[in-house]
Every structure is written in structure tokens, then in C-alpha cells.
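Below, each chain spelled out in residue letters.
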Amino acid sequence: RPLRPGVVAFSATMQARFLAVLCALTLLLSVVAASQRTLVLLDDLEDKSSFSRFFDSLSNRGYDLTYVEAEDNNVDIFEYGTNIYDNIIIFAPTAETFASADYRGLLQFVDKGGNVLVAADNTYSDSIRDFVMECGIKVDPSNTMVIDNSNYATKDMGDHSLITSGNFLNA
């Protein structure tokens, strides 16, 4: 049957090549889309090695990680009123400032579509507390700990703050 004017017929080889190129472009675009700019704020840059498995996992999934000390005021999170980064990871529980921003700047970052992950121990700063409380998370006063007199680890030295569990999710 004759083709309509302007319609091009492809051989099976050309169709296979076209599909291969289309698949490669789709894969490339998905990798580029997954490449998210992520600012990692640490108390000290040497702390990076303590979280290397976590950071390697993110890098392997296409996250572009930038590591700085949390209180380095020379690092901006905004440029011309827009977020420079897609995500901010804060592994700096004692930090009072976050790059060039205080906790209000982090709230503005979140309001503009950014994501923030905060990890802290029981000695977190007032700025961390203020930020998480503004996000609706209630935290106990600094230097307190969770105590469980029923499910504590046998290695615990008596204060029962090292809690154990057998309920793990296979993820």
C-alpha cells in the first residue's frame, strides 16, 4: 500500500536504532532530573567520614553534594531570591547559623520548595530547636534523653537510655 505524501518509512534496522536512541535519551534525562543539588552542613568537615556510607548512597543515586561547615557565612543558599540548592542536610547539631542563613532563612528555603533533613543529638542548638519547632516538631529540652526501663540494652551503664528493638523493617 503506498505511503501518504510526507510520510517516511523506516526499515526494521532504522526503527531499532531510533528506539535505542530514544531509550538512551530517556535514561539520560532521568539521570539529569535526579541530579539534585544538595548542601551538606557539618559542624566540622572532618565529620564527613563519619557519614560516608550515607553520602556515598546519595551520590550513587545522582545527588550533587556540596560539603561546608555550617557556620561558614560565605556560602549562600539563595541567589536573586531563589533557592540555589534543592536540599539541605544539617548534620551540625550545635550550629547557630546555617551557611549564610539563620533558622528563618531555612524556613524561607522550605517555603520556596526546598527540602531540609536535620539530624541532631541531645545537645542541639537553639537555632535547630527553633527551626524544627516552626516546622511543627516538638523537641525536648537540650541535654535530655529518652529512658526505657523495659527495653534497654544489656550494655547500658545504668541510665537505661540505650534502647533496643527487634522490630526492624526490611527495606
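Scroll up for the structure.
Residues numbered from 1 in each chain as written. Predicted model: local features only at pLDDT ≥ 70, side-chain atom pairs only at ≥ 80, totals over all residues. Heavy atoms only, no water.

Engineer: How should the pattern of salt bridges be read in this particular structure?
Structural biologist: Oppositely charged side chains are able to pair whenever their charged atoms sit close together. Across all of its chains, the model carries 3 salt bridges by this definition. Arg129 is paired through a salt bridge with Asp126; the nearest N and O atoms lie 3.3 Å apart. Linking Arg129 with Asp126, this pair stays in helix H4 (residues 126–134), spanning 3 residues, or about one helical turn. Taking relative accessible area as the criterion, Arg129 reaches 26% and is therefore assigned partly exposed. (Salt bridge = Lys/Arg side-chain N within 4 Å of Asp/Glu carboxyl O. Helix = DSSP H or I, 4+ residues; strand = E, 2+ residues; numbered from the N terminus. Buried < 20%, exposed > 50% of the residue type's maximum accessible area, 1.4 Å probe, protein only.)

Engineer: It is not clear to me how the side chain of Asn83 should be interpreted in this structure. Could you clarify?
Structural biologist: Checked against the element boundaries, Asn83 lands in strand S4 (residues 82–83). Here the side chain of Asn83 touches Phe109 through a polar contact of 3.1 Å, landing on its backbone oxygen. Setting aside anything within four residues of it in sequence, one finds Asn83 in contact with Arg37, Ile77, Phe78, Phe109, Lys112, Gly113 and Gly114. (Polar contact = N/O pair within 3.5 Å; in protein donor to acceptor, adjacent residues only side chain to side chain. Contact = heavy atoms within 4.5 Å.)

Engineer: Just to check I follow, could you spell out the nonpolar core for this structure?
Structural biologist: Considering soluble globular proteins, one finds that nonpolar side chains tend to be buried as a cluster. Counting residues in hydrophobic clusters, the biggest one holds 22 residues, and the most contacted among them are Leu39, Leu41, Ile77, Ile88, Ile90 and Phe98. Those elements giving two or more residues to this core turn out to be strand S1 (37–42), strand S5 (87–91), helix H3 (103–111) and H4. Tallying contributions element by element places H3 first for this core, with 4 residues. By size, the runner-up hydrophobic cluster in this structure holds 7 residues, among which are Leu42, Phe55, Leu58 and Ile89. (Core = buried A, V, L, I, M, F, W, Y, C linked by side-chain atoms within 4.5 Å.)

Engineer: Looking at this structure, how should I read the packing of aromatic side chains?
Structural biologist: Given two aromatic rings, one states the distance between the centres and the angle between the planes to describe the pair. Applying the stated criterion to the full structure yields 6 aromatic pairs. A ring pair is formed by Phe51 and Phe91, whose centres lie 4.5 Å apart and whose planes are at 50 degrees; its orientation type is tilted. Of this pair, Phe51 sits in the loop between S1 and helix H2 (52–60) while Phe91 is found in strand S5, placing the two residues 40 residues apart along the sequence. Both rings, one in Phe54 and one in Phe91, keep their centres 5.8 Å apart while their planes meet at 35 degrees; by these two values the pair is tilted. Pair noted here: Phe54 is in helix H2 and Phe91 is in strand S5, with a separation of 37 residues, a long-range link. Residue classification places Phe54 among the partly exposed positions, given a relative accessible area of 32%. Clustering of aromatic rings is evident, with ring pairs tying together Phe51, Phe54, Phe55, Tyr67 and Phe91. A cation over an aromatic ring shows up here: Lys48 above the ring of Tyr67, its NZ or CZ 4.0 Å from the ring centre. (Phe/Tyr/Trp six-rings, centres within 6.5 Å; stacked < 30°, edge-to-face > 60°. Lys NZ or Arg CZ within 6 Å of the ring centre and 35° of its normal.)

Engineer: Just checking my understanding: could you explain unusual backbone geometry for this structure?
Structural biologist: A negative phi angle is the norm for most residues apart from glycine, just as the trans form is the norm for most peptide bonds. Not every positive phi belongs to a glycine, and Tyr80 is a case in point at roughly 55 degrees. Along the polypeptide, Tyr80 turns up in the loop between strand S3 (78–79) and S4.

Engineer: Please clarify how the packing of H3 against H4 should be interpreted in this entry.
Structural biologist: A pair of packed helices is characterised by two quantities: the angle between their axes and the separation of those axes. Where H3 meets H4, the closest approach of the two axes is 9 Å, and the angle between their N-to-C directions is 35 degrees. Viewed along their axes, H3 and H4 form a crossing whose handedness is right-handed. When H3 is examined against H4, the residues Tyr103, Leu106, Leu107 and Val110 are found in contact with a partner set consisting of Ser127, Asp130, Phe131 and Glu134. (Axes fitted to C-alpha atoms, helices over the stretch in contact; angles between N-to-C directions. Left-handed = near helix turned anticlockwise from the far one by under 90°.)

Engineer: Hey, could you run me through the sheet that holds S5 in this one?
Structural biologist: One key point about sheets: their strands pair by backbone hydrogen bonds, in either a parallel or an antiparallel sense. The 4 strands are arranged S2-S1-S5-S6 in an open sheet whose pairing can be described as parallel. A strand with exactly one partner marks an edge of an open sheet, and here the two such strands are strand S2 (64–69) and strand S6 (115–118). With strand direction ignored, the average angle separating the axes of adjacent strands in the sheet is 20 degrees. Across 4 bridges, the pairing between S5 and S6 is parallel. Looking at the pairing, Ile88 lines up with Val116 of S6. Across the sheet, H3 is in contact with S5 and S6; its angle to S5 comes to roughly 145 degrees. (Pairing = 2+ DSSP bridges.)

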